[in-house]
Amino acid sequence: ELKVEQNPLFLSMQEGKNYTIYCNYSTTSDRLYWYRQDPGKSLESLFVLLSNGAVKQEGRLMASLDTKARLSTLHITAAVHDLSATYFCAVDIEYSGGGADGLTFGKGTHLIIQP
Amino acid sequence: KAGVTQTPRYLIKTRGQQVTLSCSPISGHRSVSWYQQTPGQGLQFLFEYFSETQRNKGNFPGRFSGRQFSNSRSEMNVSTLELGDSALYLCASSLDPGDYNEQFFGPGTRLTVL
């Protein structure tokens with residue numbers, strides 16, 4: 001059974017600081033996704049990481065994937081209040097015959113950025 | 001391009017009733033997946049439909065079912081509602097999970113079971 005663990009689950013930080021959210025998963029996969037969810041809202045796709053060593057950046061967020069370590073990180077640079085949200089990582093496994101199982105999500109990191 | 005739409009947005013039902021939720025995927029997307037989100041269990045995969053066929057199913061009881069129509073629109077049904085079925089139900093669509101499974105989520109249907 002695929003398990004996805006995120007840490008920390010709660011993070012309160014000040015604007016201007018840097019921090020990293022970690023996502024570990026239990027089964028070989030090279031397909032990892034990061035999503036953002038604002039309170040009462042749906043999930044917004046942030047990054048799709050599809051190979052070992054993949055790195056993607058958007059604004060103050062940067063995501064990377066190490067498939068050998070089964071680890072992805074989401075790094076926040078010089079945090080601003082608007083980045084306050086819950087961040088989820090998710091993993092799936094492609095079937096050899098095509099198609100894929102549903103996404104298995106981590107429990108989410110609730111991020112609060114204070115002025 | 002319109003995003004994923006879900007109807008209704010909110011529902012209140014009582015135990016024992018049944019409910020049907022609807023999802024329209026992004027135009028051109030052929031795969032529709034359903035997820036349940038609760039504070040205790042987080043986001044859990046319910047099932048995925050592609051070309052009107054259920055390809056994958058999560059670990060949920062048979063009370064949860066779904067279907068997909070030829071235009072890729074999907075419905076999910078929950079029969080004999082229980083209090084624990086109260087949740088946000090999210091629908092997501094993707095082009096074809098065989099390539100990669102970036103899923104785009106709808107706004108969700110918040111179901112409350114009394």
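Residues numbered from 1 in each chain as written. Chains lettered and ligands numbered in written order. Predicted model: local features only at pLDDT ≥ 70, side-chain atom pairs only at ≥ 80, totals over all residues. Heavy atoms only, no water.

Asks: I'm lost on the packing of aromatic side chains in this one. Help?
Replies: For any pair of aromatic rings, geometry is given as the distance between the ring centres together with the angle between the planes. For the coordinates displayed, the defined rule picks out 9 aromatic pairs over all chains. Ring centres of A:Phe105 and B:Tyr35 lie 5.6 Å apart, and the angle between their planes is 90 degrees; on these two criteria the pair is classed as edge-to-face. A residue pair is termed interchain when its members come from two chains, as with A:Phe105 in strand β10 (residues 104-105) and B:Tyr35 in strand β4 (residues 31-38). Residues A:Phe105 and B:Tyr35 agree in their burial class; the two are buried. Joined through ring pairs, the aromatic side chains of A:Tyr35, A:Phe88, A:Phe105, B:Tyr35, B:Phe45 and B:Phe105 make up one cluster. Taking the ring centre of B:Phe50 as reference, the NZ or CZ of B:Arg55 above it sits at 4.2 Å. (Phe/Tyr/Trp six-rings, centres within 6.5 Å; stacked < 30°, edge-to-face > 60°. Helix = DSSP H or I, 4+ residues; strand = E, 2+ residues; numbered from the N terminus. Buried < 20%, exposed > 50% of the residue type's maximum accessible area, 1.4 Å probe, protein only. Lys NZ or Arg CZ within 6 Å of the ring centre and 35° of its normal.)

Asks: Would you mind going over the pairing of strand β2 (residues 10-14) of chain A with me for this structure?
Replies: Working note: regular strand, side chains alternate between the two faces of the sheet. Residues and elements named next belong to chain A. Side chains Leu-11 and Met-13 project from β2 onto a buried face, and the interleaved Phe-10, Ser-12 and Gln-14 project onto a face without burial. Looking at chain direction, β2 and strand β11 (residues 109-114) are connected through 5 bridges and run parallel. Each residue of the ladder has a partner; that of Leu-11, found in β11, is Leu-111. (Pairing = 2+ DSSP bridges.)

Asks: For this particular structure, what's the right way to read the layout of surface pockets?
Replies: Where empty space is left becomes clear once a probe the size of a water molecule has been rolled over the atoms. What the largest pocket holds in volume is close to 720 Å³. Lining the largest pocket are 26 residues; nearest its centre among them are A:Glu1, A:Leu2, A:Thr104, B:Leu43 and B:Gln44. Take the lining of the largest pocket: its biggest share by element is 4 residues, from strand β5 (residues 42-50) of chain B. The class makeup of the residues in the lining of the largest pocket is 10 nonpolar, 9 polar and 7 charged. Taken as a whole, the second largest pocket spans an internal volume of roughly 580 Å³. Every residue lining the second largest pocket is counted, 28 residues in all, and those nearest its centre are A:Gln37, A:Thr86, A:Phe88, B:Gln37 and B:Pro39. Counting residues per element, the ones that place at least two in the lining of the second largest pocket are β9 (85-91) and β11 of chain A together with β4, β5 and β9 (87-94) of chain B. With 4 residues, β11(A) is the single largest residue contributor to the lining of the second largest pocket. Looking at the lining of the second largest pocket residue by residue, the classes come out as 11 nonpolar, 13 polar and 4 charged. (1 Å grid on protein atoms, 1.4 Å probe; cavity = no way out; pocket = protein on both sides within 12 Å on 5 of 7 lines; lining within 4 Å. Points joined across faces, edges and corners; volume = space filled by probe spheres on them. Nonpolar A, V, L, I, M, F, W, Y, C, P; charged D, E, K, R; others polar.)

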